[in-house]
Amino acid sequence: MEGRVNLFLGVENSKVNVSTFHGTFMSLFNQLKKQNPAYSSIGVQGGNADEGEFEYKRELRKLINKYNLYKFDKNNEKTIFERVSFWTNMGCSIDEMTDYIEKHFDSVIDDKADRPVSVRFNSMINELNQIRKENEIVVYDDFLINLYAALLQYSEAREFVQNRYDYIFIDEFQDINPLQMETVKLICPPTISSKLIIVGDDDQSIYAFRGSDPNYIKDFPNLYNTQEIRLMRNYRSKKKIVDAGNWVISYNEHDRIQKSMDAFHKDDGEAIIVECPDTKEEAQWILSRSQEIGKLEPFVLEDKVEPINYTKSTVLYRSRRQLQSMFQALDVKGVPYVIEKMDDVMGIFSIQDFNNAFGMWQELVTSEGNKFQFWRSILTNALGHYFVSNRAIEQWFENLEVASISDVFLEAYALVIEKSKTKDTLPLKQYLSLLISLKQGKPVNMKEVAEHFLAFPRVKENVTDEERNGF
Ligand SMILES: Nc1ncnc2c1ncn2[C@@H]1O[C@H](COP(=O)(O)OP(=O)(O)OP(=O)(O)O)[C@@H](O)[C@H]1O
């Protein structure tokens, strides 16, 4: 988006600030803090949110045990972590969350405890926030909550942010959630001279499960004095696809803004909508369809004629997981294919944790001179996957007094046994010994390295069966 804006304005770096809600709200809050130290006492601050999310879950797990909220955590499809995040984004306070639990769960969950679920939840979440505050365990939601709290509480904070921008554009407005909307209203109050420009399509709302609400776009003219421009021409696709899209969308069940897109490209083409019971049948359908299309015109390369021209087909997919069946179907039938950005979708490389670790191994193998920093990254990564906290790992490195790398490993196993709930250090031992061999230039079966890596407790938890089997 930033690139597009710069291109449009014909400059390399424009003054237009392009960012997500989280990024913008965090930046505004930091600007406020520079003006007045009073804001430093709001909510949970400091720390890095990537690490924070992990530590938050760790602390939460401990507290779920302490307050015996295990049954509540496992109740229905949402965990406590997901519920709290959802409620936070819905703009609920802790008291409102507690009331909701009292109403909907206290009589449903029977865990033989002396206090109801709602009371224990309330104590737990307050203790969690206290721990988070003391240890600066920040999660992404904090960026939203802190700015909202500051704006709600301090009129000079509102005044500052209201004068900060000449215009505010919000794209994909159908995905806004109540907490973001309430904050936007404080940044840009609905007055005659509002400077808010929103773009969105209520039919493209996909984050309702995270609290986004397409009604905000529909109700926008009731809140703000608006001028509306309807962009009803579709330049992206040909007529049949646009018509098919209109037809599918007309079945959307929310109280939608009635509309239908008009295709700019009038060429005919063909669009077929097929409902398949699973990804395997879907892959079979795609394959036989691409064979039909490929037969229309054979593929000729250096006088060799292939009866089916597979270069005529492209498969677009929504998530990597859907692709596993497609790969299998292609492999079974021996169909040639290429993948854009191969390393992102193939087997083990589709697993983010693995990709990160793989980058570290490459650095270790190709580095010259002192390797300690590369071993340090690899160990920090591996110990993290054993649920040892970053803080504990850092402290451990600081106090480490050993002569050789094999002594470091021995200390690392001891750390796992001391700090991790999993005491099985075998995968870690095997993993590190293979990496040592790799570093020494000996041949190593990378599949084995990956298998040990996948046996680390946290990786095991994160990886789905499908991903594991795909590998
Ligand atoms: N006026 C135009 N003339 C020709 N092509 C256009 C025009 N406007 C947009 N396009 C092309 O149509 C495609 C979609 O444009 P764009 O991403 O701006 O649409 P959008 O409405 O923001 O899409 P979405 O609803 O997915 O957010 C792009 O390839 C763009 O280059």
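Each remark here, short or long, concerns the structure printed above.
Residues numbered from 1 in each chain as written. Predicted model: local features only at pLDDT ≥ 70, side-chain atom pairs only at ≥ 80, totals over all residues. Heavy atoms only, no water.

K.L.:
How should the overall build of the chain be read in this particular structure?
P.N.:
For the chain, the count of helices and strands is 23 helices and six strands. Counting contacts in the chain only where the partners sit at least 6 residues apart, residues at least 24 apart contribute 68% of the total. Surface summary for the chain: the accessible area is close to 28,600 Å², and the carbon and sulfur share equals 51%. (Helix = DSSP H or I, 4+ residues; strand = E, 2+ residues; numbered from the N terminus. Contact = heavy atoms within 4.5 Å. Areas by Shrake-Rupley, 256 points an atom, 1.4 Å probe, with all protein chains shown as cover.)

K.L.:
Would you take a moment to explain the nonpolar core for this structure?
P.N.:
Here is a general trend for soluble globular proteins: nonpolar side chains tend to be buried in one another's company. Ranked by size, the top nonpolar core spans 39 residues in total, and within it Leu 383, Trp 396, Leu 428, Tyr 431 and Leu 432 carry the most contacts. Among the secondary structure elements, those contributing two or more residues to this core are α16 (352–366), α17 (372–384), α18 (390–399), α19 (405–419), α20 (426–439) and α21 (446–454). Setting aside residues no more than four positions away along its own chain, Tyr 431 makes contact with Ala 357, Trp 361, Ile 378, Ala 382, Val 449, His 452, Phe 453 and Phe 456. Listed in part, the 28 residues of the second largest apolar core include Ile 42, Tyr 165, Ile 168 and Met 181. (Core = buried A, V, L, I, M, F, W, Y, C linked by side-chain atoms within 4.5 Å. Buried < 20%, exposed > 50% of the residue type's maximum accessible area, 1.4 Å probe, protein only.)

K.L.:
Mind showing me how you'd approach the environment of Ser 437 here?
P.N.:
Checked against the element boundaries, Ser 437 lands in helix α20. Look at Ser 437 and you get buried, because its relative accessible area is 18%. If we ignore the near neighbours within four places in the chain, the residues touching Ser 437 are Lys 442 and Val 444.

K.L.:
Would you explain a nonpolar patch on the surface in this entry?
P.N.:
On the surface, a nonpolar cluster with roughly 690 Å² of combined accessible area is contributed by Tyr 167, Phe 169, Ile 197, Val 199, Ile 229 and Leu 231. Tracing the backbone shows Leu 231 in the loop between α11 (215–223) and β3 (233–238). (Patch = residues over 30% accessible without salt bridge, like charges linked within 9 Å, V, L, I, M, F, W, Y side chains within 5 Å. Salt bridge = Lys/Arg side-chain N within 4 Å of Asp/Glu carboxyl O.)

K.L.:
Just checking my understanding: could you explain the side chain of Thr 24 for this structure?
P.N.:
With respect to the element layout, Thr 24 can be found in helix α2 (residues 21–35). Beyond its immediate stretch of four places on either side in the chain, Thr 24 contacts Ser 19 and Tyr 165.

K.L.:
Any chance you could explain the pairing of strand β4 (residues 262–265) here in plain terms?
P.N.:
A regular strand carries its side chains on alternate faces of the sheet. When β3 meets β4, the two strands line up parallel, connected through three bridges. Along β4, the bridge assignment pairs Asn 234 with Ala 263. (Pairing = 2+ DSSP bridges.)

K.L.:
Looking at this structure, I do not really get the site of the ligand. What am I missing?
P.N.:
Contacts to the ligand come from Arg 4, Glu 172, Gln 204, Tyr 235 and Arg 236. The contact in question runs from an oxygen atom of the ligand to an N or O atom on the side chain of Gln 204, over 3.1 Å. In isolation the ligand exposes 640 Å². Once the protein is present, 39% of that is buried. Its residues assigned to classes, the shell around the ligand comprises one nonpolar, one polar and three charged. (Near = heavy atom within 4 Å. Polar contact = N/O pair within 3.5 Å; in protein donor to acceptor, adjacent residues only side chain to side chain. Nonpolar A, V, L, I, M, F, W, Y, C, P; charged D, E, K, R; others polar.)

K.L.:
Help me understand a negative patch on the surface, please; the structure alone is not making it clear to me.
P.N.:
Residues Asp 95, Glu 96, Asp 99 and Glu 102 make up a contiguous surface patch of negative charge. Its location among the elements puts Glu 96 in helix α6 (residues 94–104). (Lys, Arg positive; Asp, Glu negative; His and termini not counted. Charge placed at Lys NZ, Arg CZ, Asp CG, Glu CD.)

K.L.:
Got a minute to help me understand the packing of helix α3 (residues 49–66) against helix α5 (residues 80–89) in this structure?
P.N.:
Working note: a packed helix pair is described by the angle between its axes plus the distance between those axes. Two elements in contact, α3 and α5, have axes separated by 10 Å at closest approach and are oriented at 120°. Every residue of α5 that contacts α3 at Glu 53, Tyr 56, Lys 57, Leu 60 and Ile 64 is listed here: Ile 80, Phe 81 and Val 84. Of the residues that constitute the contact of α3 with α5, the class distribution is six nonpolar, no polar and two charged. (Axes fitted to C-alpha atoms, helices over the stretch in contact; angles between N-to-C directions.)

K.L.:
Would you take a moment to explain unusual backbone geometry for this structure?
P.N.:
Leave glycine aside and you will find that most residues have negative phi; peptide bonds, for their part, are mostly trans. Although it is not a glycine, Glu 172 sits at a positive phi angle of roughly 50°. Relative to the elements of secondary structure, Glu 172 occurs in the loop between β1 (168–170) and α10 (178–187). With a relative accessible area of 38%, Glu 172 lands in the partly exposed category. With a phi close to 45°, Glu 302 is a non-glycine residue in the positive phi region. Mapped onto the secondary structure, Glu 302 falls in the loop between β5 (299–301) and β6 (304–306).

K.L.:
Looking at this model, I keep getting lost on the packing of aromatic side chains. Mind explaining?
P.N.:
Each aromatic ring pair is described using two quantities: the centre-to-centre distance and the angle formed by the ring planes. Counting across every chain of the model gives 26 aromatic pairs. Here the aromatic rings of Phe 54 and Phe 387 are separated by 6.4 Å at their centres, their planes lie at 20°, and the arrangement is stacked. Of this pair, Phe 54 sits in helix α3 while Phe 387 is found in the loop between α17 and α18, placing the two residues 333 residues apart along the sequence. Note on accessibility: Phe 54 and Phe 387 belong to one class, buried. Their ring planes at 80° and their centres at 6.0 Å tell us that Phe 354 and Phe 453 sit as a pair that is edge-to-face. Highlighted residues: Phe 354 in helix α16 and Phe 453 in helix α21, separated in sequence by 99 residues. A cation sits over an aromatic face here: Arg 376 above Phe 397, 4.3 Å from the ring centre. Across from the ring centre of Phe 54, 3.9 Å away, lies the NZ or CZ of Arg 458, which sits over that ring. (Phe/Tyr/Trp six-rings, centres within 6.5 Å; stacked < 30°, edge-to-face > 60°. Lys NZ or Arg CZ within 6 Å of the ring centre and 35° of its normal.)

K.L.:
Before we go on, may I ask you to explain α17 in this structure?
P.N.:
Three- or four-residue spacings in an α-helix give side chains the same orientation, since the helix completes a turn every 3.6 residues. Compared with an ideal rise of 1.5 Å per residue, which puts 13 residues at 18 Å, α17 spans 18 Å between its outermost C-alpha atoms and is within 8% of the ideal. Looking at α17, one finds that the buried residues are Phe 374, Trp 375, Ile 378, Leu 379, Asn 381, Ala 382, Leu 383 and Gly 384. (Expected span 1.5 Å × (residues − 1).)

K.L.:
In this structure, what is going on with the pattern of salt bridges? I would like to understand it.
P.N.:
Side chains that differ in sign of charge can pair as their charged atoms come close. Using the criterion set out here, one finds 21 salt bridges in the structure. The partner of Lys 66 in a salt bridge is Glu 127, with the nearest N and O atoms 3.0 Å apart. Placement of the pair is Lys 66 in helix α3 and Glu 127 in helix α7 (residues 117–135), with a sequence separation of 61 residues. We classify Lys 66 as exposed; its relative accessible area is 54%.

K.L.:
Whenever I open this one, the packing of α6 against α7 confuses me. Can you help?
P.N.:
Two elements in contact, α6 and α7, have axes whose closest approach is 8 Å; the angle formed by their N-to-C orientations is 155°. When the axis of α6 is compared with that of α7, the two are roughly antiparallel. For the crossing formed where α6 meets α7, the hand is right-handed. For the pair α6 and α7, contact is made by Ile 94, Asp 95, Met 97, Thr 98, Ile 101 and Glu 102 and by Val 117, Ser 118, Phe 121, Asn 122, Ile 125, Asn 126 and Asn 129, respectively. (Parallel < 35°, antiparallel > 145°, perpendicular 65-115°, else oblique. Left-handed = near helix turned anticlockwise from the far one by under 90°.)

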